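Coordinate analysis (summary)
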Amino acid sequence: MKNLTLLMLALILTGLLACNSDNSSSGETAAQKEAQAFLDSYTEKYVDLYYTSAKAAWKTNTEIQEGDTLNAYNSRIADEAMTAFTGSVENIETTRKFLEQKDELTPLQVRQLETILYLAGSDPQTVADLVKEKIIASIAQTEKLYGFSFKIDGKDVTTNTIDEILKTENNLDERLKAWEASKEVGKELKDGLVNLRRLRNETVQALDYPDYFSYQVSNYGLSTDEMMEMMERLNQELRPLFRELHTYARYELAKKYGVDEVPDYLPAHWLPNRWGQDWSAMLEVEGLDVDAVLADKSPEWIIREGEALYKSLGFPALPESFWTKSNLYPYPVDSTLKKNNHASAWHLDLGTDVRSLMSVEPNAEWFETSNHELGHIYYYIAYTNPDVPPLLREGANRAFHEALGSMMGMAATQKPYLVGRGLVPADAKTDSIQILLKEALNFAVFIPFAAGTMSEFEKSLYADNLSPDEFNKKWWALAKKYQGIVPPSDRGEVNCDAATKTHINNDAAQYYDYALSYVILFQLHQHIAENILKQPATATNYFGNKEIGTFLNEMMRVGATRDWQDVMKDATGQEMNANAMVRYFDPLMSWLKEENKGRTYTLPEGI
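Reading guide: rules and limits
- Residues numbered from 1 in each chain as written.
- Predicted model: local features only at pLDDT ≥ 70, side-chain atom pairs only at ≥ 80, totals over all residues.
- Heavy atoms only, no water.
- Helix = DSSP H or I, 4+ residues; strand = E, 2+ residues; numbered from the N terminus.
- Buried < 20%, exposed > 50% of the residue type's maximum accessible area, 1.4 Å probe, protein only.
- Lys, Arg positive; Asp, Glu negative; His and termini not counted.
- Salt bridge = Lys/Arg side-chain N within 4 Å of Asp/Glu carboxyl O.
- Polar contact = N/O pair within 3.5 Å; in protein donor to acceptor, adjacent residues only side chain to side chain.
- Contact = heavy atoms within 4.5 Å.
- Phe/Tyr/Trp six-rings, centres within 6.5 Å; stacked < 30°, edge-to-face > 60°.
- Lys NZ or Arg CZ within 6 Å of the ring centre and 35° of its normal.
- Expected span 1.5 Å × (residues − 1).
- Bend = angle between axes of the 7 residues up to and from the residue.
- 1 Å grid on protein atoms, 1.4 Å probe; cavity = no way out; pocket = protein on both sides within 12 Å on 5 of 7 lines; lining within 4 Å.
- Points joined across faces, edges and corners; volume = space filled by probe spheres on them.
- Nonpolar A, V, L, I, M, F, W, Y, C, P; charged D, E, K, R; others polar.
- Arc of directions from axis to C-beta.

With that settled, consider the side chain of Asp349. Among the structural elements, Asp349 can be located in the loop between strand S6 (344–347) and strand S7 (354–357). In this structure, Asp349 is buried with no salt-bridge partner, the nearest side chain bearing the opposite charge being Lys325 at 7.3 Å. There is a polar contact of 3.2 Å between the side chain of Asp349 and the backbone nitrogen of Thr352. A polar contact is formed between the side chain of Asp349 and the backbone nitrogen of Asp353, at a distance of 2.9 Å. Sequence-distant contacts of Asp349, that is, excluding residues within four places in its chain, are made with Val47 and Tyr51.

Here's what the structure looks like:
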């Protein structure tokens, strides 16, 4: 009887196992096999279309010529083919069918299917005519933005020239001319932005997203309210430091420009950046005049030096194709060709074709920027491996990509690193507080712009359907509230100053990525300083430390195959938080309070 019972149990177990197996030696279930067949077929077509679209976009961004319509046509055709596939009704329905049985699939398959559905959300073919119209409008906006001829006193100037004036010129009249010249393009872009807002909202609404901002935020697994609460919390945490910096800048810049009456809010043309997002150029740190050292270097040397840092950490040399296919240096001012002047990194085929678009010149800003952009390139290289399907070859989240690039840019500008690379004398006398101040005028000043002005404006634009008659009014109200900045004079609604920022046009509703990236940056950097280098976070030298390379590679090589919050916790032992950033600037905070004694604070304590 006992043996018979055992036999019956064995038969039942055998039957159960058979029900949960497709009898393959791999143990793959029928559902998994079917889903994988779809994923393989989708991926093959997706990569092919992605590469074609990326190559067309590359030409659109690097070969802008008045009167030429071929690049725009080719880019439109490639984008239409791409969106017809990613947004196809068949792909949407098939993906939804598989996700209904996601408990039977592997986690990697589920993540790929969710990515497919997210990609479809931007361009669903259930509204094919809208998608086609949006593609045409997007390309036209890019061409207007980067084909625009900036002029000062009737003479053509590059954006690099405008930036240089805002960083170095002490004559307020000359500064005002440069700042106003930088905003002229906004007038040309306003109508296009209004149209793109409509098209972006209506296309994602076809897949039940409330608006385009909510769609973009969903990539983090968050709602719009949750993201904006996070941005508000970040601004509040950094507000005490920013308030001190704002007071300091008002008094120091008034002194610099010979203005007797210190203004309550900073006139925008007083600041060394077109959008007031980075004030670091208002301060030169004695003993760290990297610009003077780099002036004799070639632009290629700047990029090769960045590559040397990554190689020293154990990463490979850049592929030869990077050097032959990238667009790294500025066009001559009289060139008939124009290009996108915003530095960027490109992973064109989700494989080995990695490129960068820059306008490198031998100065400290481009030295940092080059290291930043190479951070993206090496992230691409790290997660291009057999364990990461092409659909998941991206950062753990969008902010992670920016965080790693910015962290490497910052690391390459700290004094011990510069000394080690021979760019600063070992005996150079520097003031650690002044170094911290310059960093705060970059990183801490950026948060109110990114988490405040930009994110709040785009939330208002897309989620709240902001009236075109109030674009400029809203933009400057936010700039005053978060950044403590006001325009030199009333700008009026004929201008569209928000649209002069490239991301408003062609990287829309994602600027919170940059704010979050700074939080991640400081958290990762603090971990590296304390646990790997055993050095103060404010004075590190990454060069040659293979353990840092291993730490970074372990995070980067998994791409988006794992939840971003798990990646952060595994790397640092903590959930994402701004504590590291606040701690980093603690010594500066005490110094600023002493420096600002007797000065009038005009920025409210709270947001």
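That was the structure; now back to the text.
Here we come to the environment of Ile303. Relative to the helices and strands, Ile303 is located in helix H13 (residues 299–312). Once residues within four sequence positions are removed from consideration, Ile303 is found in contact with Phe322, Trp323, Leu328, Tyr329, Met358, Val360, Ser370 and Leu374.

It is worth spelling out the pattern of salt bridges at this point. If charged atoms from side chains of opposite charge come close, those side chains can pair. By the definition in use, this model includes 27 salt bridges. Here Glu174 and Lys177 are joined by a salt bridge, their closest N and O atoms 3.3 Å apart. With Glu174 and Lys177 both in helix H8 (residues 172–183) and three residues apart, this pair spans about one turn of that helix. The salt bridge involving Asp464 is made with Lys459; its shortest N-O contact spans 3.1 Å.

This brings us to the packing of aromatic side chains. Going through the model one piece at a time under the given rule, you end up with 38 aromatic pairs. For the pair Tyr379 and Tyr383, a centre-to-centre distance of 5.2 Å together with 55° between the ring planes defines the contact as tilted. With Tyr379 and Tyr383 both in helix H15 (residues 364–383), this residue pair falls four residues apart, about one helical turn. By relative accessible area, which is 2% here, Tyr383 ends up buried. Ring geometry for Tyr584 and Phe585: centres 4.9 Å apart, planes at 75°, overall edge-to-face. Each member of the pair, Tyr584 together with Phe585, is buried. A connected cluster of aromatic rings, assembled from ring pairs, spans Phe443, Phe446, Phe449, Phe457, Phe471, Trp475, Tyr511, Tyr514, Tyr518, Phe522, Tyr584 and Phe585. Sitting above the plane of the Phe543 ring, Arg421 keeps its charged end 3.9 Å from the centroid. Here the basic side chain of Lys501 rests over the ring of Trp275, its NZ or CZ set 4.2 Å away from the ring centre.

Here we come to helix H19 (residues 443–462). The end-to-end C-alpha distance of H19 is 27 Å, a good match for the 28 Å that 20 residues give at a rise of 1.5 Å each. The sharpest bend along H19 measures roughly 30° and falls at Ser455.

Another aspect to go through is empty space enclosed by the protein. Tallied over the entire structure, the rule returns two cavities of 30 Å³ or more. Taken together, 14 residues make up the lining of the largest cavity; nearest its centre are Arg274, Trp275, Gly276, Trp475 and Trp476. Elements supplying a minimum of two residues to the lining of the largest cavity: H8, H19 and helix H20 (471–483). In terms of residue count, H20 provides more of the lining of the largest cavity than any other element does, four residues in total. The residue inventory of the lining of the largest cavity, partitioned by class, reads eight nonpolar, three polar and three charged. Size it by volume and the second largest cavity reaches roughly 40 Å³. Among the elements of the structure, H15, helix H16 (398–411) and helix H23 (546–556) are those that each provide at least two residues to the lining of the second largest cavity. Among the elements that line the lining of the second largest cavity, the one with the most residues is H16, at three residues. Looking at side-chain class alone, the lining of the second largest cavity contains seven nonpolar, two polar and no charged residues.

The next point concerns helix H26 (residues 586–595). Listed as buried for H26 are Leu588, Met589 and Leu592. One face of H26 carries all of its buried residues, which in axial projection span an arc of 105°. In H26, the exposed residues that point more than 90 degrees away from the buried face are Ser590 and Glu594. Turning to H26, the residues buried within the fold contact helix H11 (224–256) and helix H18 (432–440).

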